[in-house]
Amino acid sequence: MMEKIQKIIQEALKNLSIDESNFSIEHPDDFKNGDYSTNVAMVCAKSLKTNPKELAEKIKLELEKNLINEISKVETAGPGFINFYLSREFFTESVGEVLNKKENWGKNQILSGKKIMVEYTDPNPFKPFHIGHLMTNAIGESISRIVEFSGAKTVRANYQGDVGPHVAKAIYGIMKMGLPSDGMSIGEKAHYIGKCYTEGSNLYDTDENIKKEIEVINKKVYDKTDGEVNKIYDWGRAITLEAFEEIYKLLGTKFSDGCYFFESIMAPIGEKIVRENVGKVFTESDGAIVFHGGEYDKKLHTRVFINSQGLPTYETKEIGLTVTKFEKENPDLSIVVTATEQAEYMKVVQKAISLIHGDYESRMNHITHGMMRFASGKMSSRKGNVITGESLLHDSMDMVLEKMKEREMGDEEKNKISEVVGVSALKYSILKSSLGSDIIYDPLKSVSFEGDSGPYLQYTSVRANSILNKAKDFNTDDKKDIPEEVTELEKYIYQFPEVVEHAYEKLEPHHIATYLTELASSFNTFYGNTQILKEENKNALYHLNLIKAFYQTMKNGLWLLGIEIPERM
RNA sequence: CGGAGUGUGGCGCAGCCUGGUAGCGUGUCUGACUUCUGUUCAGAAGGUCGGGGGUUCGAAUCCCUCCACACCGACCA
């Protein structure tokens, strides 16, 4: 539609012999000012040095000469805006379009034929899955789905630190505290390993002798010379990875085959590349191999890539990872999602990589997000433990279950619903804000069925679906009139593809979240003021189609956020 | 000190790219209906958009500067 309006404006300008193409068309903030609005008169008035209001009137008259039937009227307003009002026919057709396209409604082909790799989550074996991982996962999954909706083939990648001091600390902890009992579930064993890590980590910081012991273990983890260390390592790595899989399943993420990358593999690959480029890209300094980013861009730091003990740092592993990704999958774009604390270091690493592989430079994109903070101040989970991503997720599901106590349905169904709704509460809390800032997580508000929350969006959708189910026994034969007036609901629905496109351009999921909340709210207004399944309602057929279109839009939109709609709530 | 973020009604946020005179949710106050899932609907009050300066007919939006908060800044990731 935007294109059509642009075209008729250009024609009108041509007829008025005005040469200008640098105008914008957008949706006014308020529906009172039409469905689309353009600043063309104000832009032209500047260069022509005429009164924008008069020029707007002139253009308006020209536009009215051959108006397309999707537009019912054109008006001038304010300092020189031209507002377009879409016609009944347009909205009726757009509802039909949604019903036709179904799960494809809102998709576009901007990235058709492109392969995009998204790396996200990145938890570390032997350590708990924490809140940051939860955030990165929610964002990465949503970004993956947004690019997928824009026509790209998406590859989901995960990068995990299976070597390094944290592993040695955990192994020391396990050696000290013993193996867990066989009766434990995978999740419980992983939790136990997390506790061992904390124990080892604390001792590392407070006891010089133990610190030395752990450093010895760290070396053994790398060189694989100690049978006992190897045994604990293999066991612990497998358990934690399996526990992560359970969480991914709950969150709705499935990483692509062969796209689990590990630091232990990336380290030697990166190290080789770094050593080959000493003197060219990297320099020796104080016994270490470093990269002076500042030589290429004043803003970049100097970073150590191989430390003075000859061990590769995270930067070097990142080089190995990036090169491996491109050689293995050759994506048109490789996106990495992490917290902002990695922003500066990643710039340095990417600069170093582009000096070696110039063709990767424009194909690397790093997306960063803020931290999660708690509305209530101090963070402690319901059971009084340190909050991990996993405990947060389960607390959220428990809170939903509590709210559903009065519902008349079986325990099994309640449990299933509280999973889907609990995940949604958390995901929405993360995805509703722009990525740049920290998010304030309020558990109570996040599971609220009203207002700005994932459950609210789900609940509204469920109610819509419930009407559709009831309507199966409702005869609409004599209720096929098309209503004259256009509801706000219709004015939101047709905008969905534009919102998706915008979210893709910015790579910002919150645009979807904000839109869906407005959409759901407009549905509730409609729902609250219209009785659909009534004999007197001559528009029932159209209304039901409208509700179907609404439901489809919510379904597709929530999918982009990684949220499912349950059958009932 | 340098870099890169963030700052908008009590609280949580959108709008900033592309300038048109501030919107959403929650909370507070008032009213409605109890129906297709009332966890709803209608309405009201509440903001000099962190401070100052500049550009412009017009600035939350662009530029400069200051302040506050959290992040990064050579051998952690």
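First, a word on scope: everything that follows refers to the structure included in this document.

Quick notes on the sheet that holds strand 12 (residues 364–369)
Thinking step 1. Spatially, the five strands line up as an open sheet ordered 7-6-5-11-12, and their pairing is parallel. Sheet topology places strand 7 (260–262) and strand 12 at the edges, where each strand pairs with a single neighbour. Taking each pair of neighbouring strands and ignoring which way they run, the sheet shows an average axis angle of 25°.
Thinking step 2. Of the strand pairs in this sheet, strand 6 (residues 153–160) and strand 7 are connected by three bridges, and their pairing is parallel. By the bridge assignment, Gln 160 is partnered in strand 7 with Phe 262.
Thinking step 3. Along the sheet, helix 5 (residues 131–149) makes contact with strand 5 (115–119), strand 6, strand 11 (333–339) and strand 12, crossing strand 6 at roughly 160°.
Thinking step 4. Along the sheet face, helix 12 (residues 343–356) touches strand 11 and strand 12 and points at about 175° away from the line of strand 12.

A closer look at the sheet that holds strand 3 (residues 71–77)
Two pairing modes exist for strands in a sheet, parallel and antiparallel, and in both the strands are linked by backbone hydrogen bonds.
Thinking step 1. One open sheet accounts for four strands, arranged 1-2-4-3; its pairing is antiparallel. Of all strands in the sheet, those bounded by a partner on one side alone are strand 1 (25–26) and strand 3.
Thinking step 2. Summarising the sheet, strand 1 and strand 2 (residues 36–38) pair through two bridges and their orientation is antiparallel. Along strand 2, the bridge assignment pairs Glu 26 with Ser 37.
Thinking step 3. Sheet strands touched by helix 3 (residues 52–65): strand 3 and strand 4 (81–86). Its angle to strand 3, the strand with the most contacts, is close to 170°.

Thoughts on the packing of helix 11 (residues 314–329) against helix 12
Thinking step 1. Two elements in contact, helix 11 and helix 12, have axes separated by 10 Å at closest approach and are oriented at 55°. The angle between the axes of helix 11 and helix 12 places the two elements in the oblique class. The two elements helix 11 and helix 12 cross, and the hand of that crossing is right-handed. Packed against helix 11, whose contacting residues are Tyr 314, Glu 315, Glu 318, Ile 319 and Thr 322, the element helix 12 presents Tyr 345, Met 346, Val 349, Ala 352 and Ile 353 at the interface.

Digging into the side chain of Thr 253
Thinking step 1. Tracing the chain through its elements places Thr 253 in the loop between helix 9 (227–251) and strand 7.
Thinking step 2. Looking at Thr 253, its side chain comes within polar contact range of the side chain of Asn 137, at 3.2 Å.
Thinking step 3. Separated by 2.9 Å, the side chains of Thr 253 and Glu 141 make a polar contact.
Thinking step 4. Excluding residues that lie within four positions of it along the chain, Thr 253 makes contacts with Tyr 120, Asn 137, Glu 141 and Tyr 248.

Some thoughts on the pairing of strand 11
The two faces of a sheet get side chains in turn, since along a regular strand they alternate between them.
Thinking step 1. Within strand 11, six of the seven residues are buried, which leaves the element mostly enclosed by the surrounding structure.
Thinking step 2. Bridge count between strand 11 and strand 12: six bridges; the pairing is parallel. In the sheet register, Ile 335 faces strand 12, and the bridge partner there is Asn 365.
Thinking step 3. Between the parallel elements strand 11 and strand 12, the chain passes through helix 12 in a crossover that is right-handed.

Section: the packing of helix 8 (residues 208–223) against helix 9
Thinking step 1. Contact geometry of helix 8 with helix 9 gives a least axis separation of 10 Å together with a crossing angle of 75°. In terms of their interaxial angle, helix 8 and helix 9 are classed as roughly perpendicular. On helix 9, the residues touching Ile 217, Lys 220 and Val 221 of helix 8 are Val 229, Asn 230 and Tyr 233.

Concerning helix 16 (residues 454–470)
Thinking step 1. End to end, helix 16 covers 25 Å across 17 residues, agreeing with the expected 24 Å (1.5 Å per residue, within 8%).
Thinking step 2. Within helix 16, 12 of the 17 residues are buried, leaving the element largely enclosed by the surrounding structure.
Thinking step 3. Taken together, the buried positions of helix 16 are Gly 454, Pro 455, Tyr 456, Leu 457, Gln 458, Thr 460, Ser 461, Val 462, Ala 464, Asn 465, Ile 467 and Leu 468.
Thinking step 4. Each element contacted by the buried residues of helix 16 is listed here: helix 14 (411–431), helix 15 (443–446), helix 19 (510–529) and helix 20 (540–560).
Thinking step 5. Between the side-chain oxygen at the start of helix 16 and the backbone nitrogen of Tyr 456 there is a gap of 3.0 Å, and the oxygen is on Ser 453.

Re the protein's contact with RNA strand B
Thinking step 1. Neighbouring residues of RNA strand B: 58 residues in total, closest Phe 449, Val 462, Ser 466, Lys 506 and Thr 530.
Thinking step 2. Counting only atoms of RNA strand B within 4 Å of the protein, the sugar-phosphate share comes to 61%.
Thinking step 3. Separating a sugar or linking oxygen of RNA strand B from a side-chain N or O atom of Glu 344 is a distance of 3.3 Å.
Thinking step 4. Ser 434 places a polar main-chain atom, nitrogen or oxygen, 2.6 Å from a phosphate oxygen of RNA strand B.
Thinking step 5. Taken together, the elements giving at least two residues each to the surface near RNA strand B come down to helix 2 (40–48), strand 9 (288–292), strand 10 (302–306), helix 11, helix 12, helix 16, helix 18 (496–506) and helix 19.

Reading the values: the criteria
Position numbers for residues count from 1 along each chain, tracking the sequence in the order it is written. Labels follow written order: the first chain is A, the first ligand is 1, and so on. With pLDDT at 70 or above as the cut-off, local features in this predicted model cover only qualifying residues; side-chain atom pairs require 80 or more to be listed or tallied, and sums for whole chains, interfaces and linings still use all residues. Neither water nor hydrogens contribute to the side-chain values; these are computed over all heavy atoms in the structure. When DSSP finds at least two bridges between two strands, those strands are taken to pair. Secondary structure is summarised from DSSP: a helix means a run of H or I of at least four residues, a strand means a run of E of at least two, and numbering begins at the N terminus for each. For helices, the fitted line uses only the C-alpha atoms of the stretch in contact; every axis is such a line through C-alpha atoms, and the angle between N-to-C directions lies from 0 to 180 degrees. When checking whether two residues touch, look at their non-hydrogen atoms; a contact exists if any pair is within 4.5 Å. Oblique is the label for any angle not under 35 degrees, not over 145, and not in the 65 to 115 range, which are roughly parallel, roughly antiparallel and roughly perpendicular in turn. Should the near helix be turned counterclockwise from the far one by less than a right angle, the crossing is left-handed, whereas a clockwise turn marks it as right-handed. Nitrogen and oxygen atoms within 3.5 Å of one another constitute a polar contact, given that in protein one can donate a hydrogen and the other can accept it, and given that sequence-neighbouring residues count only through two side-chain atoms. In this scheme, a residue with accessible area under 20% of its type's maximum is buried, one over 50% is exposed, and one in between is partly exposed, where area comes from a 1.4 Å probe on protein chains only. Clockwise travel from the first strand over the helix to the second, with the strands pointing away from the viewer, marks a crossover as right-handed. How far a helix is expected to stretch is found by multiplying one less than its residue total by 1.5 Å. The near set for a molecule or strand comprises every residue that places at least one heavy atom within 4 Å of it.

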